[in-house]
Amino acid sequence: MTENYHRGVTAGSDTVLELLPMVFADPGEARARAEQVLGDRPPALHASVAHQVIGIWQRDFGDLRLALTHLRRARTWAARADSAEREADVLATLGVALVHAGRTRQGMDALGRGVERGSGHTRARVLFRRAYSWWVLGHHKEALEDVRRAIPVLRQAEDVIWTARALTLRATVHLALGSVERAVADFTAAEALWDTTGQEHDKADAVESRGLAAFRAGDMPAALRLLDEAEERYAKLGTPTFMLNIRRCEVLMAAGLAAEALAEADAAVGALDDIGGQSTRKAELLLAAARAARLAGEPQTAIARAALAVRLFAGQRRTWWETHARLVLIGARHAAGHASARLVADAAAVAGRLAALGAPAAPEASLLAGRIALDLGRTAEAERHLALAARSRHGGPPLARLTGWAAQALRARAAGSPRGVLEACRRGLDVLDDHRMTLGASELRARATAQGAELAALAQRASLVSGGPRRLLVWSERWRATALSAPPTRPPADRALLSGMTAYREIAARAEEARMEGRPVPALERDQRRLEREIRSRTLHMRGEAPDGGDRFDVGRLLARLGDDTSLVELAVLDGRVQVLLCGRGRVRRFEAGLLAAAETEAEHIQAGLRRLAHPGAQARLPVVEAAGRRLEELLLGPAAAHLGEGPVVIVPPGRLHRVPWALLPSLRERVVSVSPSASSWLRAKETAPPPGGRQVLVRGPGLATGGAEVPELAVRYGGATVLEDDDATVPRVLRELDGAGLAHIAAHGAFRADGPMFSSLRMADGPLIVHDFERLDRSPYRIILSCCDTARFASVGADELLGLVTALLPLGTAGVVACSSPVNDAAVVPLMGALHKGLGAGLSLAEALRDARASLPSDAVHRATGWAFSAFGPA
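Here the structure is a predicted model, which is why all the values come from computation and not from measurement.

## Regarding the overall build of the protein chain
Stage number 1. Looking only at helices and strands, the protein chain features 39 helices and 16 strands.
Stage number 2. The C-alpha radius of gyration computed for the protein chain amounts to 31 Å, which stays within 12% of the reference 29 Å derived for 876 residues, consistent with globular compactness.
Stage number 3. C-alpha extents for the protein chain along the principal axes are approximately 100 × 70 × 50 Å.
Stage number 4. Counting across all 876 residues of the protein chain, residues that qualify as buried make up 60%.
Stage number 5. In the protein chain, 70% of the contacts between residues at least 6 apart in sequence involve partners at least 24 apart.
Stage number 6. Accessible area for the protein chain stands at about 33600 Å²; split by element, carbon and sulfur atoms hold 50% of it.

## A closer look at the packing of aromatic side chains
Aromatic ring pairs: the centre-centre distance and the angle between the two ring planes describe each pair.
Stage number 1. Within the structure shown, the criterion is met by 3 aromatic pairs.
Stage number 2. Taking the centre distance of 5.8 Å and the plane angle of 20° together, the rings of Phe-313 and Trp-321 count as stacked. With respect to class, Phe-313 is no different from Trp-321; both count as buried.
Stage number 3. Positioned over the ring face of Trp-77 is Arg-80, at 4.6 Å from the centre of the ring.

## Here's the deal with the sheet that holds strand 11 (residues 767-770)
Stage number 1. Spatially, the 3 strands line up as an open sheet ordered 9-10-11, and their pairing is antiparallel. The open sheet has two free edges, formed respectively by strand 9 (750-751) and strand 11, since each of these has just one partner strand.
Stage number 2. Bridging between strand 9 and strand 10 (residues 761-764) involves 2 bridges; their strand directions are antiparallel. Among the inter-strand pairings, Ala-751 is bridged to a residue of strand 10, identified as Ser-761.
Stage number 3. On top of the sheet, helix 27 (residues 495-516) reaches strand 10 and strand 11; it is set at about 130° to strand 11, its chief contact.
Stage number 4. Along the sheet, helix 34 (residues 731-738) makes contact with strand 10 and strand 11, crossing strand 11 at roughly 35°.

## Points about empty space enclosed by the protein
Stage number 1. For the structure shown, the criterion picks out 5 cavities of 30 Å³ or more.
Stage number 2. Its volume calculated, the largest cavity comes out at about 970 Å³.
Stage number 3. Contributing to the lining of the largest cavity are 49 residues, with Phe-24, Arg-59, Asp-60, Tyr-132 and His-201 lying nearest its centre.
Stage number 4. For the lining of the largest cavity, the elements supplying multiple residues, two or more each, are helix 2 (19-25), helix 4 (44-61), helix 6 (84-100), helix 8 (120-137), helix 10 (160-176), helix 12 (200-216), helix 14 (242-254) and helix 15 (258-275).
Stage number 5. Looking at which element gives the most residues to the lining of the largest cavity, the answer is helix 10, with 6 residues.

## Observations regarding the side chain of Arg-59
Stage number 1. With respect to the secondary-structure elements, Arg-59 resides in helix 4.
Stage number 2. Overall, Arg-59 belongs to the buried group, its relative accessible area being 9%.
Stage number 3. In this structure Arg-59 touches Phe-24, Leu-64, Ala-67, Thr-93, Val-96, Ala-97 and Gln-278, once residues within four positions along its chain are discounted.

Parameters at a glance
Residues numbered from 1 in each chain as written. Predicted model: local features only at pLDDT ≥ 70, side-chain atom pairs only at ≥ 80, totals over all residues. Heavy atoms only, no water. Helix = DSSP H or I, 4+ residues; strand = E, 2+ residues; numbered from the N terminus. Rg over C-alpha atoms; globule rule 2.2 N^0.38 Å. Buried < 20%, exposed > 50% of the residue type's maximum accessible area, 1.4 Å probe, protein only. Contact = heavy atoms within 4.5 Å. Areas by Shrake-Rupley, 256 points an atom, 1.4 Å probe, with all protein chains shown as cover. Phe/Tyr/Trp six-rings, centres within 6.5 Å; stacked < 30°, edge-to-face > 60°. Lys NZ or Arg CZ within 6 Å of the ring centre and 35° of its normal. Pairing = 2+ DSSP bridges. Axes fitted to C-alpha atoms, helices over the stretch in contact; angles between N-to-C directions. 1 Å grid on protein atoms, 1.4 Å probe; cavity = no way out; pocket = protein on both sides within 12 Å on 5 of 7 lines; lining within 4 Å. Points joined across faces, edges and corners; volume = space filled by probe spheres on them.

Below is the structure:
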């Protein structure tokens, strides 16, 4: 609905006035038409509108300095046109621009004059924009008052567009104050109105706002889906998305993707600076970057970003935002190792201000004050702050309740109550369990566990002090490899995802071919990265199944399954030191070993040695690698090595030790050894029955140095096995045959992606077979052997989770995997695989067959290193 600012408005004036709503429906076209109007020496009223349209465009999508220039000209022309309504409207637009430029007092003065100059319908629109400015400044009470005054007048005038905008703003203010249900009601009403208009930019904003509401309500997949949809809408309009960047950063951080959030925020700050954009948005982006850097373990970066945000917010007179930035700054300083009475006082003051402002972050600030006070030994002071924070444990979204339970656990620890610590940790992790199971994507499930790492560590410490080895084992299992506790939600069979994965394979295959031929690949790599983003985005939208409680870990059941012959060694890490939990023969015993950091360093040295030994001529490195194996055993097993008995051993390492070649450790070298991400997953696999029929599938991918020489030999051994090679070894065909097979052997180049573990792959004839592909299987093979390099490499994420090829298979029905954690000599792999399958034919498990296969190899360095590089996962 256009505004009638002047009694003498003509048909031509109506056409010009239509540019104002057009700037949010088709911004580029509106700007072009406004410039055309100015080129025709328009009357004062038309010139005012045209300058205002260009000013709005520059304010929201371009250079803020140019915006102010055009809006001041618009005000001047409005005064010459002798239209109070026109002048009031321009003053409102100018006021918003001045606020975004950080000139808060001038901006609010202009908005106040606009309210005074306008009347009726125009005044209601000015009130809406002043309410928006109050929201930007963090004055939520004043924002609600103005928008509530505006809405009835806008509705009475049947102004659909501005009523929808006002409802959207009111919903956004409700969200800032934690009133999610009120916000959803207003967003829903606004969206119904937008559906009757052609305001495409506002429609995109409504979708973005619903994404924020979904996030506040704890629905992460819906939030990611809606924010991605909003981005697609904005892209079609060609408009920048700085507010969307801020909101996406918030969601990414909550999803455990802090490094990605930091990269997005920093990139947006750079883009904003390039166009001379809004100072207010820059401050908000810096705050998002500071939060992300703190979560990503970069406290110095967080300090720098937060300090700059504090200065900008203070200069803009934005108390709400400045207080939140101070909270991040204090947290970053604490993470950097600072602790003082002054820092406690600062955190407490911030908590008080946040509570007075009605900000949902107040408990987080109280928790921080309590933590710092505990670090200083000020127990009574810590109790006051933690008690305030603990109130949030009974209500609100999952992560807010988690904050409350963390505070309650710290209170119990300070009071010397291990039972209280364990109860608070149990309740907090239950909250996070329920939240995690709403996430369909295994990557999100894994990363979300980072939120519970502190609770898990507190519980382990409490159980170590008071509960003995059994209780420590229970708590070690409580938050270990939980992403594998249930199969991931199967990716939706939507055409866009399937066509995207097909296109990804084609592009990746063309890029690989170009690299081999020495041709440049930048364009192909750009397309590949784009498709990776699209695939990942769609899989992150998946919702998980409703939580069913699952099976709780039972120590007695584990011990019964282990019997008197098998030992399970679970390595827990407390305060940086390895605690060895030796399970078997009806009991659990604890031994203390070395420092985790030293073990990690030694493991990396061993990996470097194995890479050298994969090539002939490195025989002299063999004693060095063996000596490192002895040192690593002392660090990881310590005195427990002398109590392993004679039978098979199951190793359950922490995620950070996933690349240890366990067969190299002296006490494990001659015995049956298997690895499992958790004792729970070993139990599930042990109780998994093989599929009927026991089909064998042999796959040979392209480009292998040996040509996959073991596959023809295995085809003869297994007789009726399905053999896929050459053009038959395509991803769709391979997946079809793998589904429900009893045994699969895949000889193909493996590629591990540390930057994107879900895109780790095996090379097939038509391109890479990636982790996302495996997750489409109804049931992965009962046993699977991956005879290529790097297939047992993982990315360690979350609290203690692993993402990679092997971990994609374990929740889908695979009970045993043989894979390799480092580069190996292709020729030496062939006899190892032949001997391995010989053992399987004799009825051995994968771990038993692998031990015998190692023993059958020649004793030279190349063959011994090849045997050590392979590990058996699971009991099958």
